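# Structural features, examined
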Amino acid sequence: YGYFTYDPGFMSTAACNSAITFIDGEEGLLYYRGYPIEQLAENCDFLEVSHLLLHGELPDHNQREAFTSAIRQHTMLHDQMADVFRGFRRDAHPMAVMIAVIGAMAAFYPDNNDVNNPESRQVAAMRLLAKVPTVAAWSYKYNVGQPFIQPKNKLGYAENFMHMMFATPCEDYEPNPILAKAFERILILHADHEQNASTSTVRLVGSSGANPFACIAAGIASLWGPSHGGANEATLNMLEEIGDISRIGEFINRAKDKTDSFRLMGFGHRVYRNMDPRASIMRKTCHEVLNELGLHDDPMFKLAMQLEKIALEDDYFVSRKLYPNVDFYSGIVMRAMGIPNSMFTAIFALARTAGWISQWSEMNADTEQKIGRPRQLYLGPERREFVPLHQR
Ligand code: CMC
């Protein structure tokens, strides 16, 4: 078996070439197409960043208008998609619903099966960027038993999502520009992160030539786990369980105890051995949002900051280079905006769709790409002879 490299968890395997996202884990740097994440988060909206990820360049004025209007053409869901939602229990987790609804789109858009055609790939990308917010918002509406709210195309991307989440047939949603800007920033920070588990899943599924909606549904499934995108929901649940600054020590001790499976959620990263640059921006955004909402003394934010401080002074976390990651503060921001914990990972999926579809397009345009097919080190029995049932 000697000629395979054994690399569980792909700790040291580069599975593709990519020109989209660069991470320097030692220094804590993240660039999309060469631009530092800090500059994009400060100056762009999410669709500009999506254009950058998908097409390689930030759009000029005309390209921005064309891209935005192309997205707007696709924000509605096919009328029959509502029936897919209605097949679920009301208490279904939004991620379970999203996996199914996005997967079902493969049946609604078979014209996107032609993955070798750049135009078909482009239409698939537009459809996904436009429709995933509608799917995410409707999965929430279905949970709370309210009617689905149609997209309002004159609104910005984040505002439209908030409108579909919070408007009702009786009452409009009044967008708050500061919250909308903060929400766009959350989306930008989550938009891509090179070959993480869900992006690698999208590439692996796509490497067989599968329909793009099926690929993205697989990416959503991979994202759901608490070690990956599910960490934002798990972090808020953890902070709620800690409840008070006086109990931080108890939970830090549990995280250090190797006989306890508990981990400090929102802490640690496979690639970063330094502060996750997204976490620093998220902490700043937290301040801005809480100030805007008059929640300067938010106990959850105080608890999180104290938890970060204590962990970063503890030898266990220092020696392992475990720092807060993007998920540590994102939940506090979204909670302050009125978004329930169960929607946090769905919003991560909404944002990461930009990265997934860009990576999927890049892969399909690469003529050297082969079907993904890892090998294994076989540890099972050697050849043996079959024994009939009555002799076993
Ligand atoms: N709490 C306590 N100990 C930890 C933590 C944590 N959050 N993270 C890592 N460790 C320890 C781990 O026990 C191990 O210790 P030892 O060397 O004594 O066995 C060491 O640090 C290395 O950990 P690992 O599990 O080998 O590292 P990994 O690269 O396989 O895992 C991770 C990375 C993100 C899955 C992990 O740090 C973790 O489970 N963090 C909590 C979940 C989380 O916040 N995930 C979100 C990641 S960022 C968002 C995204 O892109 O998905």
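Predicted model, so just to flag it, every value in this text is computed and none were measured.

If you walk across this open sheet you meet the three strands as S1-S2-S3, and the pairing is antiparallel. Of all the strands in the sheet, the pair left with one neighbour each is strand S1 (21–24) and strand S3 (35–36).

Bringing the site of the ligand into the picture now. Lining the immediate surroundings of the ligand are 21 residues, of which His228, Lys258, Leu264, Arg270 and Tyr316 lie closest. The separation between a nitrogen atom of the ligand and a polar side-chain atom of Tyr316 is 2.8 Å. With respect to the ligand, the side chain of Arg320 contributes an N or O atom lying 2.9 Å from an oxygen atom. Burial of the ligand by the surrounding chains reaches 76%, relative to a free accessible area of 940 Å².

Locating Ile252 in the fold gives a position in helix H12 (residues 248–256). Separated by 230 residues in the primary sequence, Ile252 and Phe22 have C-alpha atoms spaced 32 Å apart. Every residue in contact with Ile252, bar those within four places of it in the chain, is listed here: Leu264, Leu307, Ile310, Ala311, Asp314 and Phe317.

This part is about the pairing of strand S2 (residues 29–32). Side chains of S2 alternate between two faces, with Leu30 and Tyr32 buried and Leu29 and Tyr31 left unburied. Taking the residues that link successive antiparallel strands as the turn, the S1-S2 hairpin has four residues, and the phi of Gly28 there is positive, at about 75°. Relative to S3, S2 runs antiparallel, the two being bridged by two bridges. Along S3, the bridge assignment pairs Tyr31 with Pro36.

Because an α-helix completes one turn every 3.6 residues, residues spaced three or four positions apart along the sequence face the same direction. With respect to burial, helix H7 (residues 157–166) is a largely interior element, eight of its 10 residues being buried. For H7, the complete set of buried residues consists of Tyr157, Ala158, Asn160, Phe161, Met162, His163, Met164 and Met165. Those residues of H7 that are buried lie in contact with helix H2 (46–55), helix H3 (61–72), helix H6 (118–144), helix H8 (177–190) and helix H17 (344–365).

Two faces make up the sheet, and in a regular strand the side chains alternate between them. Residues Thr21 and Ile23 of S1 are buried on one face, while the alternating residues Phe22 and Asp24, pointing to the opposite face, are not. Pairing analysis gives four bridges linking S1 to S2, with the strands arranged antiparallel. From the neighbouring strand, Ile23 faces S2, where its bridge partner is Leu30.

This part is about the side chain of Ser358. With respect to the secondary-structure elements, Ser358 resides in helix H17. Look at Ser358 and you get buried, because its relative accessible area is 2%. Apart from residues no more than four positions distant in its own chain, Ser358 is found in contact with Ile20, Leu53 and Leu54.

This paragraph deals with the pattern of salt bridges. For the coordinates displayed, the defined rule picks out 18 salt bridges. Notably, a salt bridge pairs Arg203 with Glu362, separated by 2.6 Å at the nearest N-O pair. Linking Arg203 in helix H9 (residues 197–206) with Glu362 in helix H17, this pair joins segments that are 159 residues apart in sequence. The partner of Asp298 in a salt bridge is Arg335, and the shortest N-O contact between them spans 3.8 Å. A residue pair is termed long-range when its members are at least 10 positions apart, and Asp298 in the loop between helix H13 (277–292) and helix H14 (299–312) and Arg335 in helix H16 (residues 327–336) qualify at 37 residues. Each of the salt bridges in this network shares a partner with another, and the network as a whole consists of Glu42, Arg185, Lys284 and Glu288.

Cut-off values and rules
- Residues numbered from 1 in each chain as written.
- Predicted model: local features only at pLDDT ≥ 70, side-chain atom pairs only at ≥ 80, totals over all residues.
- Heavy atoms only, no water.
- Pairing = 2+ DSSP bridges.
- Helix = DSSP H or I, 4+ residues; strand = E, 2+ residues; numbered from the N terminus.
- Near = heavy atom within 4 Å.
- Polar contact = N/O pair within 3.5 Å; in protein donor to acceptor, adjacent residues only side chain to side chain.
- Areas by Shrake-Rupley, 256 points an atom, 1.4 Å probe, with all protein chains shown as cover.
- Contact = heavy atoms within 4.5 Å.
- Buried < 20%, exposed > 50% of the residue type's maximum accessible area, 1.4 Å probe, protein only.
- Salt bridge = Lys/Arg side-chain N within 4 Å of Asp/Glu carboxyl O.

As far as function goes, none of this settles anything; it's purely spatial.
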